[in-house]
Amino acid sequence: MITRRTTLLSLPFVLTATRSLAQGAPVPQPPVTLATVLGGAAELEPLKVVLVARNGEIIAERAFNGHSLDASTNIKSASKSIVSALTGIAIDRRLLEGPDQTIAPILKADLPANPDPRIHAITIGNLLSMQAGLGRLSGPNYGRWVASRNWVRFALAQPFDDDPGGSMLYSTASSHLLSAILTKVGGKSTLALAREWLAPVEGFRIGSWERDRQGIYLGGNQMAMTARSLLAFGELYRNGGRTKDGREIVSKDWIDQSWTPHTNSRFSGDGYGYGWFLRNIGGEEVKFGWGYGGQMLYIVPSLGLTVVMTSDENGPSARNGYRDDLHSLLAEIIGAIRAV
């Protein structure tokens, strides 16, 4: 879709170049601007909002297809990056020991009777990198999980498909176990912790957020916020975990660990850290959160760039190629930034 859009945009320049060649004149190069790139992005029908910030300043913002810049959207699995940040803060505050801490002692009340011994080997880091080994509760298995009476117990009762620390088994249940752990060690709901710990981040706010029957907020899905709020969170990470006035919220060490590839997605081949995907886009190393439907938070550290894209959350984005269209749109944005 993006390739076809780029071809159509360049057609007038092709005609001009043909005439110039016939006359022996040099061929002018068309200017690459953010306005041009975002103007062409309108043909992506699910697209709602694109925000582009460089070095902390918003340099482009546009709403598409009748949507508003200020509207709230369900960021879906992009919220896993936020749950990862909260986990890192809990470690920085010594509420958790670190990524190597095992989870069974914390969640012992919800362990199944006579569990597989491997359950005692699962660590905080395994949950963050989707390497717990437990059967996946995303995709076709998501519905039966959220229909259960106790999401934490249901997740911990799943048979093992791999050993802890093995292959990446993407599962929203792993992020939900992190939410349950944060609730236990923090003594407050995950939402209350987020509002307290991330309060100094200007512009960041979580709106509605779904909970399970025990009152635990759903780690890794069903979180609503505006595109600007998601941008504010991305800027925190781009700025090394510090606010605009220099206050440290998340340690730089935690960001480095989160942006280190611990495994790879078997679906896309992308690297995966702690709640963040890692990929080269447009010739730059990009860290990104990705939610169903095309909820994207991109950070390009080499260019000081943070980009948010929100989309209709009711349709897929991976199997229909739309996610790749958004990656291509980011590549065009990167090209426009370099051309400035």
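Structure's up top.
So, here is what we can say about the structure in this document. (Residues numbered from 1 in each chain as written. Predicted model: local features only at pLDDT ≥ 70, side-chain atom pairs only at ≥ 80, totals over all residues. Heavy atoms only, no water.)

A closer look at the overall build of the protein
Along the protein, the regular secondary structure elements total 11 helices and 10 strands. By the compact-globule yardstick of 20 Å for 340 residues, the protein fits well, its C-alpha radius of gyration being 21 Å. On the principal axes, the C-alpha backbone points of the protein span a range of 85 × 40 × 35 Å. Looking at the protein as a whole, 53% of its 340 residues qualify as buried. Residue pairs in contact within the protein that sit at least 24 positions apart in sequence constitute 64% of those at least 6 positions apart. With the model as given, the accessible surface of the protein reaches about 14700 Å², and the carbon-plus-sulfur share is 50%. Across the protein, 34 positive and 30 negative side-chain charges occur, with their mean positions spaced 3 Å apart. (Helix = DSSP H or I, 4+ residues; strand = E, 2+ residues; numbered from the N terminus. Rg over C-alpha atoms; globule rule 2.2 N^0.38 Å. Buried < 20%, exposed > 50% of the residue type's maximum accessible area, 1.4 Å probe, protein only. Contact = heavy atoms within 4.5 Å. Areas by Shrake-Rupley, 256 points an atom, 1.4 Å probe, with all protein chains shown as cover. Lys, Arg positive; Asp, Glu negative; His and termini not counted. Charge placed at Lys NZ, Arg CZ, Asp CG, Glu CD.)

Thoughts on the pattern of salt bridges
Across all of its chains, the model carries 13 salt bridges by this definition. Between Arg153 and Asp110 there is a salt bridge, with its nearest N and O atoms 2.7 Å apart. Remark: Asp110 occurs in the loop between α3 (79-92) and α4 (124-128) and Arg153 occurs in helix α6 (residues 151-156); sequence separation between them is 43 residues. Overall, Arg153 belongs to the partly exposed group, its relative accessible area being 46%. By relative accessible area, Asp110 is classed as buried at 14%. (Salt bridge = Lys/Arg side-chain N within 4 Å of Asp/Glu carboxyl O.)

Some remarks on the nonpolar core
Formed by 69 residues in total, the largest nonpolar core has its most connected members in Ile103, Leu198, Phe204, Tyr237 and Val250. Once residues lying within four places of it in the same chain are set aside, the contact partners of Leu198 are Ile82, Leu86, Ile89, Leu193, Phe204, Leu236 and Ile249. Leu44, Met296, Val300 and Met309 belong to the second largest nonpolar core, which has 34 residues in total. (Core = buried A, V, L, I, M, F, W, Y, C linked by side-chain atoms within 4.5 Å.)

Looking at the side chain of Ser251
Within the secondary structure layout, Ser251 lies in the loop between α9 (227-238) and α10 (252-258). Of the residues examined, Ser251 reaches a relative accessible area of 11% and is grouped as buried. With residues up to four places along the chain from it excluded, the contact list for Ser251 reads Asp92 and Gly240.

So, the pairing of strand β10 (residues 305-311)
With 7 of 7 residues buried, β10 is to be regarded as a mostly interior element. On β10, burial covers both faces: Leu305, Val307, Met309 and Ser311 on one face and Thr306, Val308 and Thr310 on the other are all buried. In this sheet, β10 lies alongside strand β1 (residues 47-54) in antiparallel orientation, the contact comprising 7 bridges. Bridge pairing in β10 links Ala53 to Thr306. Of the strand pairs in this sheet, strand β9 (residues 295-300) and β10 are connected by 5 bridges, and their pairing is antiparallel. Directly across from Leu297, in β10, lies its bridge partner Val308. (Pairing = 2+ DSSP bridges.)

What about the side chain of Gln295?
For Gln295, the position within the fold is in strand β9. There is a polar contact of 3.1 Å between the side chain of Gln295 and the backbone oxygen of Tyr292. Here Ser311 takes part through its backbone nitrogen, which lies 2.9 Å from a polar atom of the side chain of Gln295. Excluding its chain neighbours within four sequence positions, the residues that come into contact with Gln295 are Thr73, Asn74, Ile75, Lys76, Ala78, Gly289, Trp290, Met309, Thr310, Ser311, Asp312 and Glu313. (Polar contact = N/O pair within 3.5 Å; in protein donor to acceptor, adjacent residues only side chain to side chain.)

As for the packing of aromatic side chains
Taken as a whole and assessed by the stated rule, the structure comprises 15 aromatic pairs. Ring geometry for Tyr142 and Trp145: centres 5.8 Å apart, planes at 75°, overall edge-to-face. With Tyr142 and Trp145 both in helix α5 (residues 142-146), this residue pair falls 3 residues apart, about one helical turn. Lying over the aromatic face of Trp290, Arg323 brings its terminal NZ or CZ to 4.6 Å of the ring centre. (Phe/Tyr/Trp six-rings, centres within 6.5 Å; stacked < 30°, edge-to-face > 60°. Lys NZ or Arg CZ within 6 Å of the ring centre and 35° of its normal.)

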